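# Observations on the model geometry
Below are the chains, spelled out letter by letter.
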Amino acid sequence: MYRYDEFDERFVRERVQQFRTQVERRLDGSLSDDEFKPLRLKNGLYLQLHAYMLRIAVPYGTLNGKQLRQLALIGERYDKGYGHFTTRQNLQFNWPQLKDVPDILDLLADVEMHCIQTSGNCIRNVTADQFAGIAKDEVEDPRPTAELLRQWSSLHPEFAWLPRKFKIAVTGAEHDRAAIKVHDIGLKVRRHPDTGATGYQVVVGGGLGRTPMIGKVIRDFLPKDELLAYLEAVMRVYNAEGRRDNKYKARVKILVHEIGTEEFVRRVEAEYAQLDGPTVNAPESEVARIARYFAPPAYEALPEDSAVLDAARRADPALDAFVAQNGFAHRQPGYLALTISLKPVGGVPGDMTSEQMRAFADIAERYSFDELRVTHAQNLVLPHVRKDDVPRVFEALKAAGLATANSGLVTDIIACPGMDYCALATARSIPIAQEIAKSFADERRQAEIGPLQIKISGCINACGHHHVGHIGILGLEKSGKENYQITLGGDATEAAALGERLGPGIDAEAVPGAIETIVGTYLKVRTDGEAFIDTVRRAGLDPFKASFDAYVAGEPA
Amino acid sequence: MATDAKAGAKGKGPKLPVILSANRLLEGDVVYLTAGGWTLDPASARIASDAETAAVMEAEGAAAAAANLVVDPYLVPVEIDATGFPRATHFREAMRQTGPSIHPDIGKQAEYAH
């Protein structure tokens with residue numbers, strides 16, 4: 001894991017002190033609310049429906065046990081004993097008080113964390129594949145790149161007041177688990193087909209929200225050492241030409257769409273040609289210094305198979321199901337990565353209590369080289385577990401209420417906070433997720449249905465990624481009531497696609513039945529072994545529309 | 001947008017009766033204007049049944065915001081139920097009067113039984 005150097009430490013401490021005095025000046029009236037608001041937002045502090053909300057950056061979703069314990073402490077001391085992991089791999093507290101926030105920021109700084117640039121029109125927390133450094137299909141660990149981008153973008157003076165927020169995601173693998181095509185910039189580490197050199201495919205202009213777009217490739221291969229200068233050129237074009245007259249048209253996706261990919265590339269390349277690359281790009285020694293922090297842990301030399309785990313799986317069907325569903329093949333023989341679902345049936349997607357954080361910190365410290373990851377699907381990962389240890393880990397997870405075996409299944413639902421917390425929401429999200437999960441609670445039935453991603457947003461800003469859900473649900477207000485639109489066929493991977501509307505919006509009470517209807521149609525239409533998203537792609541929307549229309553009309557299935 | 005739900009957001013006067021809501025600057029809690037200050041309990045909110053009273057309450061809210069006691073004060077249309085409780089007519093504001101629907105153990109619903 002990356003460790004702060006003296007500069008990082010000083011920068012974060014100074015920022016805490018600045019914010020402390022800003023709060024003091026707000027409270028004594030020296031700063032008006034209009035003056036204070038952008039300052040608090042730049043430190044991740046929102047005013048939401050019921051209270052303030054503090055968004056804490058988890059750079060590229062990587063944490064250690066000490067950090068998670070500190071989050072547990074903050075949750076207990078300054079909040080209501082729980083936190084919420086988000087689709088941006090961050091953590092949010094829903095109930096902090098303004099007067100306590102400077103102290104909270106100090107506690108975060110103690111464990112090399114902060115809230116800087118988790119809001120506002122700047123480059124936000126850089127996200128990455130949760131299986132970085134683990135996946136067998138990986139060209140290179142994306143975290144050194146993400147950390148380099150964190151350092152480059154933190155308080156970058158030129159990009160502190162962009163037309164709108166800006167999100168960057170990085171993957172180093174063939175299979176995209178970081179949703180890079182729906183970010184402002186998506187980076188994929190790849191090898192040059194001829195030379196074998198390492199570089200990046202650069203995707204720009206993806207995004208969700210009210211105008212969803214799939215990103216466009218603007219460079220198929222960018223040499224690795226040119227990254228910062230090239231991104232600086234992209235940012236300069238966006239900063240100069242992004243729409244500042246209309247916040248709904250201010251994201252880079254709109255600029256790329258309006259002028260066309262070809263013209264956008266021309267402008268970026270023209271800007272890039274004028275840049276003095278060597279003064280912008282990170283020195284090789286700095287890139288190497290960062291990369292060393294992400295060197296693989298001290299694995300034991302183990303055989304690929306574990307007789308201990310195999311025997312335990314035969315003896316315990318629950319363990320067997322857990323490993324089958326939540327296990328992820330590790331590149332290191334004898335090890336396994338485990339997804340830890342924060343989606344117990346009937347629970348709040350992404351929520352974790354302080355007690356669970358402490359229990360999980362214990363597990364990560366003892367069994368996973370003191371490392372854990374946050375996924376954009378609002379789950380956690382134990383990245384490096386010895387297969388021999390998996391039965392013990394499973395018992396510890398069970399004791400903490402963290403052993404739900406549903407990773408990637410119909411009950412592993414992404415849901416934004418929605419109107420239960422969010423000031424922007426037009427409808428609730430979490431209760432919809434809870435009711436759907438209850439409807440599909442039977443584990444055997446979930447397994448029979450197979451991989452199916454449901455994603456729910458409580459407004460068009462799409463924090464719940466509904467556009468790229470295999471089934472997407474968007475909560476809106478209609479005639480003073482909550483109303484939900486269903487989309488089908490979205491995909492956040494390398495085969496990125498935006499879902500299409502199935503039909504008219506429906507009431508909250510009707511949503512679980514609608515999902516049952518869609519799943520029922522899938523089970524009838526699918527061929528042997530065909531996953532939900534593949535059936536939708538092959539069969540198209542028509543069979544689903546027909547059954548959905550019949551359901552809405554109240555006809556028997 | 002959610003702000004459309006706020007009374008008077010479209011430039012017209014809100015539908016009466018109304019109460020006045022804001023957030024406390026220091027803590028962030030949802031508060032309501034009373035006859036003599038601010039309350040956390042929505043049942044104790046001062047109710048305006050006419051436009052003049054609503055205007056006076058709005059002015060009090062603006063003064064409290066200027067004095068750095070609260071932020072973002074605005075009028076909330078309500079209906080007075082059988083118990084006399086001024087229940088917000090819009091579901092967003094009703095949620096602010098109770099707390100998260102998914103956590104009956106948290107928020108005003110846990111602290112004040114209505």
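Just so you know, these numbers come straight off a predicted model, no measurement behind them. (Residues numbered from 1 in each chain as written. Chains lettered and ligands numbered in written order. Predicted model: local features only at pLDDT ≥ 70, side-chain atom pairs only at ≥ 80, totals over all residues. Heavy atoms only, no water.)

We now examine the sheet that holds strand S15 (residues 380-386) of chain A. Residue and element names in this part refer to chain A. Read across the open sheet, the 5 strands follow the order S3-S14-S15-S12-S11; overall the sheet is antiparallel. Because the sheet does not close on itself, it has two edges, and the strands there are strand S3 (62-63) and strand S11 (327-329). Looking at chain direction, S3 and strand S14 (residues 372-374) are connected through 2 bridges and run antiparallel. The residue of S14 that forms the bridge with threonine 62 is arginine 373. With respect to the sheet, helix H12 (residues 317-326) is in contact with S11 and strand S12 (335-340), its orientation differing from that of S12 by roughly 90 degrees. (Pairing = 2+ DSSP bridges. Helix = DSSP H or I, 4+ residues; strand = E, 2+ residues; numbered from the N terminus. Contact = heavy atoms within 4.5 Å. Axes fitted to C-alpha atoms, helices over the stretch in contact; angles between N-to-C directions.)

Omega for the bond connecting leucine 16 of chain B with proline 17 of chain B falls within 30 degrees of zero, at -5 degrees, which places this linkage in the cis form. If you trace the backbone, proline 17 of chain B turns up in the segment before strand S1 (18-24). The backbone of glutamine 117 of chain A shows a phi angle near 60 degrees, a positive value even though the residue is not glycine. With respect to the helices and strands, the residue glutamine 117 of chain A is situated in the loop between helix H4 (101-110) and strand S6 (127-128). Owing to a relative accessible area of 8%, glutamine 117 of chain A belongs among the buried residues under this scheme. Even without being glycine, aspartate 370 of chain A reaches a positive phi, approximately 60 degrees. Relative to the assigned elements, aspartate 370 of chain A resides in the loop between helix H13 (354-367) and S14. A residue is classified by how much of its surface remains accessible, and aspartate 370 of chain A, at 28% relative accessible area, is partly exposed. (Buried < 20%, exposed > 50% of the residue type's maximum accessible area, 1.4 Å probe, protein only.)

Overall, the predicted model of chain B reaches an average pLDDT of 90, with 89% of residues at or above 70. With pLDDT under 50 throughout, residues 1-10 of chain B is counted as low confidence; its partners more than four residues away or in other chains account for 22 contacts. (pLDDT = per-residue confidence, 0-100.)

A separate point is helix H18 (residues 532-539) of chain A. Residues and elements named next belong to chain A. Listing the buried residues of H18 in full gives Phe532, Ile533, Thr535 and Val536. One side of H18 holds all its buried residues, which, seen down the axis, span an arc of 160 degrees. Positioned one or two residues after H18, glycine 540 has a phi angle of 75 degrees, which is positive. (Arc of directions from axis to C-beta.)

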